[in-house]
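Each chain, written out:
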Amino acid sequence: MTTTHSNVRSLVLTVSFISVIAATTFAAEPPRMKMTTDIPESITTPDRVETRIGTLEFFDGIPTKETSALVYDYLDFSRAMEAFLNGIPAASIEALRRGAAELGQTSSNQVLYFDGLMDSKALFLTGNTSTVYAIPILDLKKDGPTVVEIPAGAGPGTVNDAYFRFLVDMGAPGPDRGKGGKYLILPPDYEGDLEGPIGGKAQVIDGETYFVARSSSYVTWIGLRGFLVDGKPDAAAEMWRDGLKIYPLAMKDNPPKMEFISGSGKSFNTIHANNFEFYEELHTVIEREPVEMLDPELRGLFASIGIEKGKPFAPDARMKQIMTEAVAVANATARAFLWDERNKDEFLYEGSYWKRGYPGDNYQFLKNEGTGGRNLDARTSFYYFATVNTPAMAMKLVGAGSQYAWGYLDSNGDYLDGSKTYKLNIPKDAPALKFWSVCVYDPQTRSMLQTDQTFPSKQSQRDKLIPNDDGSIDLYFGPKAPAGKEANWTQTVPGKGWFALLRLYSPTEPWFDKTWRPGEIELVK
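These numbers were taken from a predicted model, which means no experiment stands behind them.

Next up on the list: the overall build of the chain. Along the chain, the regular secondary structure elements total nine helices and 26 strands. Relative to its length of 525 residues, the chain is compact, with a C-alpha radius of gyration of 26 Å against a globular reference of 24 Å. Seen along its three principal axes, the alpha-carbon backbone of the chain occupies a region of about 90 × 65 × 40 Å. Looking at the chain residue by residue over its 525 residues, the buried ones come to 53%. When the accessible surface of the chain is split by element, carbon and sulfur atoms take 51% of a total near 23,700 Å². Of the side chains in the chain, 55 bear a positive and 67 a negative charge, and the two mean positions are spaced by 2 Å.

And the structure:
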């Protein structure tokens with residue numbers, strides 16, 4: 001028997017496990033028999049229980065048909081919701097692949113790069129306007145072991161698998177230490193003698209040294225960054241065109257010609273869906289990748305709602321309705337993680353609304369060094385608004401890597417309103433050897449806020465900012481620039497919210513010991 005639409009809708013009101021909220025009712029006591037003993041009440045089931053999902057009724061512990069239907073609806077709803085929250089990493093990589101394909105990037109030797117920097121036309125989770133991205137995507141099923149040659153002078157780069165897990169760093173934080181080198185990425189079904197540990201291992205092949213890592217997936221995503229020179233992207237763009245080489249190891253003597261596709265100034269989407277389409281995106285990944293990419297627990301979760309390798313994804317009308325409502329609640333949950341933080345450890349400072357840019361400060365999202373297991377909420381939160389997973393963003397690397405702070409509330413704890421004007425003070429001597437920047441984002445897309453400004457950001461290398469007498473810099477955010485503050489102003493949009501990310505590249509000790517800290521985002525009245 002199926003439940004009514006109103007019963008299913010009642011499930012949307014809560015995502016917690018069944019909680020008893022009213023007195024329970026027991027039937028009359030059965031007669032005592034020769035072998036009857038006293039049964040602890042804690043192991044029995046009442047005939048009637050009022051819960052958050054409705055009234056549950058039983059005969060001597062046996063659920064009625066109506067109760068079974070109700071709890072199965074709830075079970076399918078909760079699993080569909082968990083599939084969204086835990087499937088975001090895979091769907092996000094798939095969205096990145098599809099977005100790049102929109103621009104013609106379909107082979108490993110084709111590289112999407114931003115020779116004129118990334119701007120707000122690109123729908124890309126918290127991309128920046130301060131480094132020159134180069135974003136190869138490998139197809140290890142087609143190409144087998146694949147070589148990636150990184151030029152000297154490259155900034156931070158990272159290789160992630162199709163579940164957005166870290167494989168190896170490249171460039172400055174990688175084993176080449178910014179000197180350049182050859183990396184070899186092995187496919188998941190590789191059966192040779194080479195080792196491919198997480199983090200990479202230097203090995204000699206035909207007299208040449210390669211940093212070797214093995215991916216657990218066929219689709220493997222790479223995010224590379226080059227630094228501005230004299231505030232311009234030209235040198236980094238040329239570095240990628242001249243020095244970045246990608247080819248199958250089997251073709252190292254005759255590699256295919258590289259092709260660079262500019263994403264600057266182009267409109268395209270790399271963000272996963274927040275509606276029923278999300279499950280179709282997830283199914284694409286599960287169908288394409290080897291079974292072993294995910295552990296049995298995650299595979300079982302996805303399979304419980306019909307997403308299983310080798311089988312069509314074809315939910316019936318009942319299941320599709322449940323999943324459509326589940327994804328809406330799951331999407332709201334991910335947003336609650338971001339905008340209504342209940343873990344006070346995520347705030348950078350006492351009495352501040354700056355949050356850590358990397359939830360949990362652990363790239364594997366392990367809680368208390370693993371004793372608390374995996375912080376599932378932190379993983380969901382991070383992948384819902386961010387791109388790239390690397391230890392270099394979470395570890396203390398003085399003078400290397402990058403650090404982030406997320407500003408999403410003003411000093412009063414209120415959401416940031418695009419119709420109002422705000423000020424942010426950046427104290428002098430910001431602890432970044434390369435540069436610092438503040439970029440503004442749209443809460444809907446988690447991408448750069450689209451305004452009349454090409455780059456909704458301010459960057460210490462690129463922009464000629466006006467300092468205060470004490471050496472600090474006041475940044476302004478609002479629909480119109482305050483008089484005389486145009487150089488330090490980033491535009492916002494009336495009727496929309498916004499949030500900001502503070503980035504520090506090659507951060508120094510004052511960032512880590514917190515002797516330097518940014519001001520709060522203050523409403524200008």
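The next subject is the pairing of strand β10 (residues 166–170). By the criterion of burial, β10 is predominantly enclosed, with five of the five residues buried. Here strand β9 (residues 157–160) pairs with β10 via four bridges, running antiparallel. Paired with Val159 across the bridge in β10 is Val168. Linking β9 back to β10 in an antiparallel pair, the connection comprises five residues, with Phe164 at a positive phi of about 60°.

Reading across from one edge, β1-β2-β3 is the order of the three strands in this open sheet, with antiparallel pairing throughout. This sheet does not close on itself; its edge strands, each paired only once, are β1 (48–51) and β3 (62–63). The pairing of strand β2 (residues 54–59) with β3 spans two bridges and is antiparallel. Residue pairing in the sheet places Phe59 in a bridge with Ile62 of β3.

Attention now goes to the environment of Val168. Tracing the chain through its elements places Val168 in strand β10. Not counting residues up to four positions away in its chain, the partners in contact with Val168 are Thr158, Val159, Pro175, Tyr183, Ile185, Gly199, Gly200 and Ala213.

End to end, helix α5 (residues 277–288) covers 17 Å across twelve residues, agreeing with the expected 16 Å (1.5 Å per residue, within 8%). Among all positions of α5, only Phe278, Tyr279, Glu281, Leu282, His283, Val285 and Ile286 are buried.

Turning next to the pattern of salt bridges. Pairing between side chains of opposite charge can happen when the charged atoms of each approach one another. Per the counting criterion, the structure on display carries 23 salt bridges. Lys252 is the partner of Asp206 in a salt bridge, and the nearest nitrogen-oxygen pair spans 3.7 Å. A residue pair is termed long-range when its members are at least 10 positions apart, and Asp206 in the loop between β12 (201–205) and β13 (208–214) and Lys252 in the loop between β15 (245–248) and β16 (259–262) qualify at 46 residues. Of the charged contacts, one joins Asp253 and Lys252 as a salt bridge, the two residues approaching to 3.7 Å between their closest N and O atoms.

Moving on, we get to the pairing of β1. Going residue by residue along β1, you find Val49 and Thr51 tucked away on one face and Arg48 and Glu50 left uncovered on the opposite face. Relative to β2, β1 is paired through four bridges, and the arrangement is antiparallel. For Arg48, the partnering residue across the bridge sits in β2 and is Glu57. In this structure, the hairpin formed by β1 and β2 is closed by a connection of two residues.

Let us look at the side chain of Thr67. Following the sequence through the fold, Thr67 ends up in helix α2 (residues 65–102). Side-chain polar atoms of Thr67 contact the backbone nitrogen of Glu57, separated by 2.8 Å. Residues within four places of Thr67 in sequence aside, it is in contact with Thr55, Leu56, Glu57 and Phe58.

Moving on to the packing of aromatic side chains. Under the definition given, this model contains 31 aromatic pairs. With centroids separated by 5.9 Å and ring planes inclined at 85°, the aromatic side chains of Phe227 and Tyr505 adopt a geometry described as edge-to-face. Taken together, the residues span a long stretch of sequence, with Phe227 in strand β14 (residues 219–227) and Tyr505 in strand β25 (residues 499–507) at a distance of 278 residues. Between Phe435 and Tyr505, the aromatic rings sit 4.6 Å apart at their centres with planes inclined by 25°, giving stacked as the arrangement. Within this pair, whereas Phe435 is found in strand β21 (residues 432–441), its partner Tyr505 is found in strand β25, the two being separated by 70 residues in sequence.

Quick look at helix α8 (residues 376–385) now. Across the ten residues that make up α8, a large majority, eight, are buried. Every buried residue belonging to α8 is among Ala378, Arg379, Thr380, Ser381, Phe382, Tyr383, Tyr384 and Phe385, and all of these are buried. Tucked inside the fold, the buried residues of α8 contact α2, α7 (317–339), β19 (402–407) and β25. By the N-cap criterion, in which a side-chain oxygen at the helix start approaches the backbone nitrogen of a residue two or three places on, α8 is capped by Asn375, the distance to Asp377 being 3.3 Å.

One non-glycine residue, Asp361, lies in positive phi territory at about 55°. Residue position: Asp361 is located in the loop between β18 (354–356) and α8. In the Ramachandran plot, Val388 falls in the positive-phi region, its phi being about 90° despite a non-glycine side chain. Position of Val388 among the secondary structure elements: in the loop between α8 and β19.

Rules used in this analysis
Each chain carries its own residue numbering, running from 1 in the written order of its sequence. Residues qualify for local features only when their pLDDT is at least 70, as the model is predicted, and side-chain atom pairs are given and counted only at 80 or more; totals for whole chains, interfaces and linings, by contrast, use all residues. For the side-chain quantities, the full set of heavy atoms in the structure was used; hydrogens and water were omitted. Helix and strand definitions here come from DSSP, where helices need a minimum of 4 consecutive H or I residues and strands a minimum of 2 consecutive E residues; each element is numbered from the N-terminal end. The quantity called the radius of gyration is restricted to C-alpha atoms. Its globule counterpart is 2.2 Å times the number of residues to the power 0.38. Throughout, exposure labels follow a simple rule: accessible area from a 1.4 Å probe, protein chains only, divided by the maximum for the residue type, with under 20% read as buried, over 50% as exposed, and the rest as partly exposed. For every accessible area listed, the method is Shrake-Rupley and the probe measures 1.4 Å; residues are considered covered only by the protein chains on display. As used throughout, the charge tally considers Lys and Arg to be positive and Asp and Glu to be negative, leaving His and the chain termini uncounted. Charge placement uses NZ in Lys and CZ in Arg. For Asp and Glu, CG and CD serve respectively. A pair of strands is labelled paired if DSSP reports no fewer than 2 bridges between them. Whether two residues are in contact is decided by their heavy atoms, any of which lying within 4.5 Å being enough. Helix span, expected: 1.5 Å multiplied by one less than the number of residues in the helix. What counts as a salt bridge is simple: a side-chain nitrogen of Lys or Arg found within 4 Å of a carboxyl oxygen of Asp or Glu. Counted as a polar contact is a pair of N or O atoms within 3.5 Å, where, for protein atoms, one must be capable of donating a hydrogen and the other of accepting one, and residues adjacent in sequence contribute only when both atoms are in side chains. Working definition: rings of Phe, Tyr and Trp (its six-membered ring) pair if their centres are within 6.5 Å, and the pair is stacked with planes under 30 degrees apart, edge-to-face with planes over 60 apart, and tilted otherwise.

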